[in-house]
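What follows is each chain in one-letter form.
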Amino acid sequence: MRSILLFSAVAVAAAAPVFAQNPPPAAAPAVQAQRAGIKLADVAGRWESRSMVGPKDSVVVTYTLTATADAKGWTITFPGRDPIPARVVSVGGDSIIIEAGPFASVLRPGQMVTTRTVTHYTGDTATGTFDAHYASGDVLRGKVALTRKK
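Conventions adopted
Every chain is numbered on its own, with residues counted from 1 as its sequence reads. Only residues with pLDDT of at least 70 get local features here, since the model is predicted, and only at 80 or more are side-chain atom pairs given and counted; chain-wide, interface and lining totals rely on the full set of residues. Think of the side-chain values as coming from all heavy atoms in the structure, minus any hydrogens and water. For helices the rule is a DSSP run of H or I covering at least 4 residues; for strands it is a run of E covering at least 2, with both sets numbered from the N terminus onward. Relative accessibility decides the category of a residue: with a 1.4 Å probe and only protein chains considered, values under 20% of the type maximum give buried, values over 50% give exposed, and everything between is partly exposed. By definition in these notes, contact holds between two residues if any of their heavy atoms fall within 4.5 Å. For accessible areas, the Shrake-Rupley method is used with a probe of radius 1.4 Å. Any residue's cover is judged against the shown protein chains and nothing else. In this description, strands pair whenever DSSP reports at least two bridges between them. Helix axes are fitted to C-alpha atoms over the stretch in contact, other axes to C-alpha atoms as well, and angles between N-to-C directions run from 0 to 180 degrees. Residues belong to one nonpolar core when they are buried, are Ala, Val, Leu, Ile, Met, Phe, Trp, Tyr or Cys, and are joined through side-chain atoms within 4.5 Å. Polar contact is the term for a pair of N or O atoms within 3.5 Å; when the atoms are in protein, one must be able to donate a hydrogen and the other to accept it, and sequence-neighboring residues count only if both atoms are side-chain atoms.

Colleague: Please explain the overall build of the chain as it appears in this structure.
Modeller: The number of helices and strands found in the chain is two helices and eight strands. What you see in the chain, going N to C, is helices and strands ordered as α-α-β-β-β-β-β-β-β-β. Burial status across the chain gives 29% buried among its 150 residues. A separation of at least 24 residues holds for 36% of the contacts in the chain among residues at least 6 apart in sequence. Here the chain has roughly 9500 Å² of accessible surface; of this, 62% comes from carbon and sulfur atoms.

In structure tokens:
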């Protein structure tokens, strides 16, 4: 065991000058941009959204997501309903996580629901997943697809 530790220490000591003389290459600009991550201003605007469930991605509800350049003012508006405030929970990489609710469910009349959506943005399109947590304890999971309105 001592010989293994001694050998490891010698190997690390011998390699240190090589790494000092040849530092790893700088990250490419695309990698640096990716590390910087998405900004809320990048996705500001109105997004037509579809929520889908099941093996054939059946659309169960449509809505408009209004995104602002900061975390204030995000809303979800279902057809024929008043806007629902959405909270920006997290922003990182290509993703934004938002929560909304509790609000009266579109799919289950008479029940309250809170939704959490994780969306990955690429230009004027986005995809992701949602969890709808009902007051009854039920959870509905599915996919979302969004397109920015011009």
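Colleague: Explain unusual backbone geometry to me, please; I cannot follow it from the model alone.
Modeller: Leave glycine aside and you will find that most residues have negative phi; peptide bonds, for their part, are mostly trans. In this structure, Pro102 follows Gly101 across a cis peptide bond, with omega equal to 10°. Tracing the backbone through its elements, the reader meets Pro102 in strand E5 (residues 95-104). Look at Asp57: it is not a glycine, yet its phi comes out positive at around 50°. By relative accessible area, which is 29% here, Asp57 ends up partly exposed.

Colleague: Would you mind going over the sheet that holds strand E7 (residues 125-134) with me for this structure?
Modeller: Whenever strands of a sheet pair, they do so through backbone hydrogen bonds, lying parallel or antiparallel. Spatially, eight strands are ordered E1-E2-E3-E4-E5-E6-E7-E8 in a closed barrel, and the strand pairing comes out antiparallel. Across the sheet, the mean angle separating the axes of adjacent strands is 30° when strand polarity is ignored. Sheet topology note: the strand E6 (residues 112-122)/E7 ladder contains 10 bridges and is antiparallel. Residue pairing in the sheet places Thr122 in a bridge with Thr125 of E7.

Colleague: How do you make sense of the nonpolar core when you look at a structure like this?
Modeller: Among soluble globular proteins, nonpolar side chains are generally buried collectively. If you look at the biggest cluster of nonpolar residues, it comprises 26 residues, and the most contacted ones within it are Val43, Trp47, Leu65, Trp74, Ile76, Ile96 and Tyr121. Elements supplying a minimum of two residues to this core: strand E1 (45-53), strand E2 (58-67), strand E4 (84-92), E5, E6, E7 and strand E8 (139-148). Apart from the residues within four sequence positions on either side, Trp47 is in contact with Tyr63, Thr64, Leu65, Ala67, Tyr121, Gly123, Asp124, Thr125, Ala126, Leu146, Thr147 and Arg148.

Colleague: What should I look at first to understand the side chain of Ser95 in this one?
Modeller: Position of Ser95 among the secondary structure elements: in strand E5. A polar atom in the side chain of Ser95 sits 2.6 Å from the side chain of His120. Dropping the residues within four chain positions of it, Ser95 is found in contact with Ile38, Ser90, Thr119 and His120.

Colleague: For this particular structure, what's the right way to read the environment of Glu99?
Modeller: Mapped onto the secondary structure, Glu99 falls in strand E5. On a C-alpha basis, the gap between Glu99 and Thr117 in space is 6.4 Å, while along the polypeptide they are 18 residues apart. Apart from residues no more than four positions distant in its own chain, Glu99 is found in contact with Pro85, Ala86, Arg87, Val89, Thr115 and Arg116. Polar contacts involving the side chain of Glu99 include one to the side chain of Arg116, which spans 2.4 Å.

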